[in-house]
Amino acid sequence: MATDATFPYADALARLDAGDSSGLPPDLVDTPPKREALHALLKAAEAVHRAAVGTTQVADALRRDQKFVRPGPPSPHLVRLRQQQAAARQATNQAKQVFIVAADALVRVFGLAVPARVGVEALAQAWLRGALGAK
């Protein structure tokens with residue numbers, strides 16, 4: 001997953017947050033259940049993106065700072081970084097669970113067929129790329 005600082009669907013999410021569906025493909029927002037399912041999926045995708053960025057940042061800091069560790073008990077700084085890493089991983093797992101629930105709702109509302117051996121998460125990510133086009 002790309003961990004750029006910017007969420008690729010931020011403009012679409014901002015429009016749906018504001019209640020404005022202009023600029024979005026009409027077939028995606030023509031009914032309230034479709035708008036709600038798309039909005040929930042975009043919110044969940046943003047949470048997954050934020051969690052991935054946070055996990056990457058903490059992992060980079062931990063990798064950088066662990067290079068120069070002396071033998072013995074870890075420093076309070078490293079302990080804090082490890083705690084942050086555990087919290088970031090937990091946030092990532094929770095965000096992925098919310099994304100899967102939102103993806104399942106989207107599949108049901110839009111009547112999408114999930115192919116064999118393709119998870120609903122992968123299908124929803126591919127669907128988002130195709131429907132909204134990632135920047």
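Above this text sits the structure in question.
Residues numbered from 1 in each chain as written. Predicted model: local features only at pLDDT ≥ 70, side-chain atom pairs only at ≥ 80, totals over all residues. Heavy atoms only, no water.

Caption draft 1: Looking closely at the overall build of the protein. For the protein, the count of helices and strands is four helices and zero strands. What you see for the protein is a C-alpha radius of gyration of 19 Å, clearly larger than the 14 Å of a compact globule of 135 residues, by over 25%. The C-alpha extent of the protein, read off along each of the three principal axes, is 60 × 35 × 20 Å. Of all 135 residues assigned to the protein, the portion counted as buried reaches 30%. The long-range fraction of contacts in the protein, counting pairs at least 24 apart against all pairs at least 6 apart in sequence, stands at 63%. Accessible surface computed for the protein: about 8400 Å², of which carbon and sulfur atoms make up 55%. Positive and negative side-chain charges of the protein, numbering 17 and 12 respectively, have mean locations separated by a distance of 11 Å. (Helix = DSSP H or I, 4+ residues; strand = E, 2+ residues; numbered from the N terminus. Rg over C-alpha atoms; globule rule 2.2 N^0.38 Å. Buried < 20%, exposed > 50% of the residue type's maximum accessible area, 1.4 Å probe, protein only. Contact = heavy atoms within 4.5 Å. Areas by Shrake-Rupley, 256 points an atom, 1.4 Å probe, with all protein chains shown as cover. Lys, Arg positive; Asp, Glu negative; His and termini not counted. Charge placed at Lys NZ, Arg CZ, Asp CG, Glu CD.)

Caption draft 2: How the structure looks around the packing of aromatic side chains. Scanning the model with the defined rule gives two aromatic pairs in all. Ring centres 5.7 Å apart and planes at 80° place the aromatic pair Phe7 and Tyr9 in the edge-to-face group. The same class applies to Phe7 and to Tyr9, which are both buried. For the ring pair Phe110 and Trp127, a centre distance of 5.0 Å and an interplane angle of 55° mean the geometry is tilted. Here the residue Phe110 occupies a position in helix H3 (residues 76-110), and Trp127 occupies one in helix H4 (residues 120-132), the gap between them amounting to 17 residues. The buried category is assigned to Phe110, whose relative accessible area is 17%. (Phe/Tyr/Trp six-rings, centres within 6.5 Å; stacked < 30°, edge-to-face > 60°.)

Caption draft 3: Summary view of the nonpolar core. In terms of nonpolar packing, the biggest core is built from 25 residues, with Leu38, Leu41, Leu42, Phe99, Trp127 and Leu128 touching the most fellow members. Secondary structure elements with two or more residues in this core: helix H1 (10-18), helix H2 (32-66), H3 and H4. Apart from residues lying up to four places away in sequence, Leu41 is in contact with Phe99, Ala102, Ala103, Leu106, Ala124, Trp127 and Leu128. (Core = buried A, V, L, I, M, F, W, Y, C linked by side-chain atoms within 4.5 Å.)

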